[in-house]
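In case you want the letters, here they are:
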Amino acid sequence: MRVTAILLAAGQGTRMKSSLPKVLHPVAGKPMIWHALEAIKQSTTEKPVVVVGHGAEGVTKYLGDSAQTVLQEPQLGTGHAVMQAEPLLRDKTDLIVVCYSDMPLLRGETLQALVETQKNNKGPLSMLTVYAEHPRGFGRVIRNADGTVSAIVEEYVATAEQLQVKELNVGGYCFDANWLWDALHRIPKNHKKGEYYLTDVVELASKDGLAVQATVMDDLEETIGVNTRVHLAECEVAMRRRINHQHMLNGVTMIDPASTYIEIGVKIGADTVIMPNAYLYGGTEIGEGNVIGPNSIIRDSKIGNRCKVLASVMEGAVLEDDVDMGPFARLRKGAHLGNHVHMGNFGEVKDSRLADGVKMGHFSYIGNAQIGANTNIGAGTITCNYDGEKKHATEIGEDVFIGSDTMLVAPIKIGDGARTGAGSVVTKNVAEDTLVVGMPARAIKKLERKAKK
Ligand code: UD1
Ligand code: MG
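Nothing here was measured: the structure is a model prediction, and the numbers come from that model.

Caption draft 1: Spatial organisation of the pattern of salt bridges. Going through the model one piece at a time under the given rule, you end up with 17 salt bridges. With a closest N to O distance of 3.4 Å, Arg-136 and Glu-234 form a salt bridge. Of this pair, Arg-136 sits in the loop between strand E7 (125-131) and strand E8 (140-143) while Glu-234 sits in helix H9 (residues 229-249), and the two are 98 residues apart along the sequence. When the shortest N-O distance is used, the salt bridge between Glu-348 and Arg-332 registers 2.6 Å. Of this pair, Glu-348 sits in strand E28 (residues 348-350) while Arg-332 sits in the loop between strand E25 (330-331) and strand E26 (336-337), and the two are 16 residues apart along the sequence. The partly exposed category is assigned to Arg-332, whose relative accessible area is 28%. One connected set of salt bridges, linked through shared partners, spans Glu-86, Arg-90 and Asp-182.

Printed below as a string of structure tokens:
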């Protein structure tokens, strides 16, 4: 059986007060529309169709080939939005799942249950509902005596009695496709708003004597729809809780999950401890037995096993095993630290590889460099890699001792076993096992010491 999803994303999202289309606002690092696409994957067999309108260009660009898009212009309501997909989908699918794209917490399992309900329904549609004390402006679900649904009544037209109904329309539907296309053309124009409401097809079915079934959800949190940035923050908190919960079940320790910020897709191995105020972003992958944080930001980076990253920042960087980093270290794109590297406070590494056992304790900048195993980088060492126009490479061999405050003027090579004296400005290659010193301080004159008063 062919099942296709239509995601509605043409609305303006006025209450977000944003230049960014509503469905592109991120939750746990991924746009809301990504969450919607993820959720419908499990229960559909065909490529989804996204109805775009406001901000269509940005949304279409983001979607790439993950979905087909149809333009709804002007936006005349949710029924009118679904209608736009008819030319694309007529006779191409058996069931249609319609979802709004601003419910990032809706789970795939919930939509699967909805599709199952419809597969067992002799009538033309099934829908998701939830019971809640606070209706938050949702449409009310009116039932027939036999338990099937007879209508959805929007809040602003509901009678006092209907307003008391606690069962709400979540905004997820599964339709028999052939029935839907014809029903959409029968939706009456809503006189107050001049729109065509998808929800009106429920009453059409019911009046034709066809059964509309409901899948009642038990997790209210899943139904949070984002209309304002307040709702967006609610979703962010709920999603964070969900993500952290899963990591903890997988064997990750969190000292304070509420202040641990992990985006979707980040991988963490067992027995790693995540301390408060850790931000783990993008495609970050962390192995086992590490201690991350407190106060660290790690984006698109790989960390092996048994490393310590204290109050540091990593972006596009790699740590092998047993690396000890921080506090206040910064790894930029292309930084790669081998096994047992020690990188202390106020160091910065970019586009460089530090081989196993390198020590770089304090205040250094290493850029465009290769550093051999067990080399010591003294405090304040700088690779002078930029001449104002181009970047140049520095190569340092194994077992080298770079004295404190050495300036290595690139391009330059330092041979294995060499040493540089403190404060050297090294402008020429240094051969293996050679000591260089530069500009040693020399006496200039005898000073007169002033008598203390
Ligand atoms: C809708 C439902 C309501 C339900 C609630 C749940 C209708 C008429 N009402 O109300 O019963 O309880 O969702 O959140 O459907 N959209 C378009 N084109 C349009 C209008 C809307 O694509 O012309 C899209 C929006 O981008 C949004 C979705 O449809 O993703 C829902 O629209 P919205 O205006 O938020 O509907 P609600 O008033 O919330
Ligand atoms: Mg809404």
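What follows continues from the structure just given.
Caption draft 2: Inspection of a negative patch on the surface at higher detail. Taken together, Glu-398, Asp-399, Asp-416, Glu-432 and Asp-433 make up a surface patch of like negative charges. Positionally, Glu-432 belongs in the loop between strand E40 (425-426) and strand E41 (435-436).

Caption draft 3: Fine view of the site of ligand 1. Taken together, the neighbourhood of ligand 1 is formed by 19 residues, with Gln-72, Gly-77, Tyr-100, Glu-154 and Asn-169 sitting nearest. A distance of 2.8 Å separates an oxygen atom of ligand 1 from a polar backbone atom of Gly-77. Relative to its unbound accessible area of 760 Å², ligand 1 is 83% covered by the protein chains. Structurally, ligand 1 is housed in the largest pocket. Among the elements of the structure, strand E1 (3-9), helix H3 (78-83) and strand E10 (167-176) are those that each provide at least two residues to the shell around ligand 1. Its residues assigned to classes, the shell around ligand 1 shows 9 nonpolar, 9 polar and 1 charged.

What counts, and where the lines are drawn
- Residues numbered from 1 in each chain as written.
- Chains lettered and ligands numbered in written order.
- Predicted model: local features only at pLDDT ≥ 70, side-chain atom pairs only at ≥ 80, totals over all residues.
- Heavy atoms only, no water.
- Salt bridge = Lys/Arg side-chain N within 4 Å of Asp/Glu carboxyl O.
- Helix = DSSP H or I, 4+ residues; strand = E, 2+ residues; numbered from the N terminus.
- Buried < 20%, exposed > 50% of the residue type's maximum accessible area, 1.4 Å probe, protein only.
- Patch = residues over 30% accessible without salt bridge, like charges linked within 9 Å, V, L, I, M, F, W, Y side chains within 5 Å.
- Areas by Shrake-Rupley, 256 points an atom, 1.4 Å probe, with all protein chains shown as cover.
- Lys, Arg positive; Asp, Glu negative; His and termini not counted.
- Charge placed at Lys NZ, Arg CZ, Asp CG, Glu CD.
- Near = heavy atom within 4 Å.
- Polar contact = N/O pair within 3.5 Å; in protein donor to acceptor, adjacent residues only side chain to side chain.
- 1 Å grid on protein atoms, 1.4 Å probe; cavity = no way out; pocket = protein on both sides within 12 Å on 5 of 7 lines; lining within 4 Å.
- Sits in = over half its atoms within 2 Å of the grid points.
- Nonpolar A, V, L, I, M, F, W, Y, C, P; charged D, E, K, R; others polar.

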